[in-house]
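Structure assessment
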Amino acid sequence: GTPWGQGAISTAKFGGVRLVDLLKLAGVDDPVKAQEEGGIEHVRFHALDGMMASIGIEKAANPYGDVLLVYEMNGSPLPRDHGFPLRVLVPGYAA
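Below: a short report on this structure. (Residues numbered from 1 in each chain as written. Predicted model: local features only at pLDDT ≥ 70, side-chain atom pairs only at ≥ 80, totals over all residues. Heavy atoms only, no water.)

**Brief notes about helix α2 (residues 31-38)**
- The opening residue of α2, the one whose side-chain oxygen lies 3.0 Å from the backbone nitrogen of V32, is D30.
- Residue G39 follows α2 closely and has a positive phi angle near 70°. (Polar contact = N/O pair within 3.5 Å; in protein donor to acceptor, adjacent residues only side chain to side chain. Helix = DSSP H or I, 4+ residues; strand = E, 2+ residues; numbered from the N terminus.)

**Describing unusual backbone geometry**
- Cis rather than trans, the peptide bond between F84 and P85 has omega equal to 10°.
- Assignment of secondary structure puts P85 in the loop between β5 (76-77) and β6 (87-89).

**What about the pattern of salt bridges?**
- Considering all chains together, one arrives at two salt bridges under this definition.
- For D66, the salt bridge is made with K59, and the minimal N-O distance between the two is 2.9 Å. (Salt bridge = Lys/Arg side-chain N within 4 Å of Asp/Glu carboxyl O.)

**Section: the pairing of strand β2 (residues 42-46)**
- Relative to strand β3 (residues 52-56), β2 runs antiparallel, the two sharing five bridges. Pairing of H42 across the sheet is with G56, part of β3.
- Hairpin geometry of β2 and β3 is characterised by an intervening segment of five residues between the two adjacent antiparallel strands and by a positive phi of about 95° at G50. (Pairing = 2+ DSSP bridges.)

**Some points on the side chain of K59**
- Within the secondary structure, K59 sits in helix α3 (residues 57-60).
- Separated by 3.2 Å, the side chain of K59 and the backbone oxygen of P91 make a polar contact.
- Each residue touching K59, except ones within four places of it in the same chain, is listed here: D66, V67, V90, P91 and Y93. (Contact = heavy atoms within 4.5 Å.)

Structure (structure tokens):
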């Protein structure tokens, strides 16, 4: 893990894809339908280091699409200390 004491703060320019776009390609374009007909309530994420988190399907499939799957940071490939090869950014959530 990252050796942060009480926490950290920084800024960066991230590049990647919106989770909502990926879910649409997978056939999940309506969060209400996904819940009622498919029983999908959460999208789960599992990291190589054992970290796990989930977000509600309403957030993941939000048409405003603020959840990002990030593979670039400041114009370069995402560094290992920041989640290489892929990081999930979910505004308003902390893990």
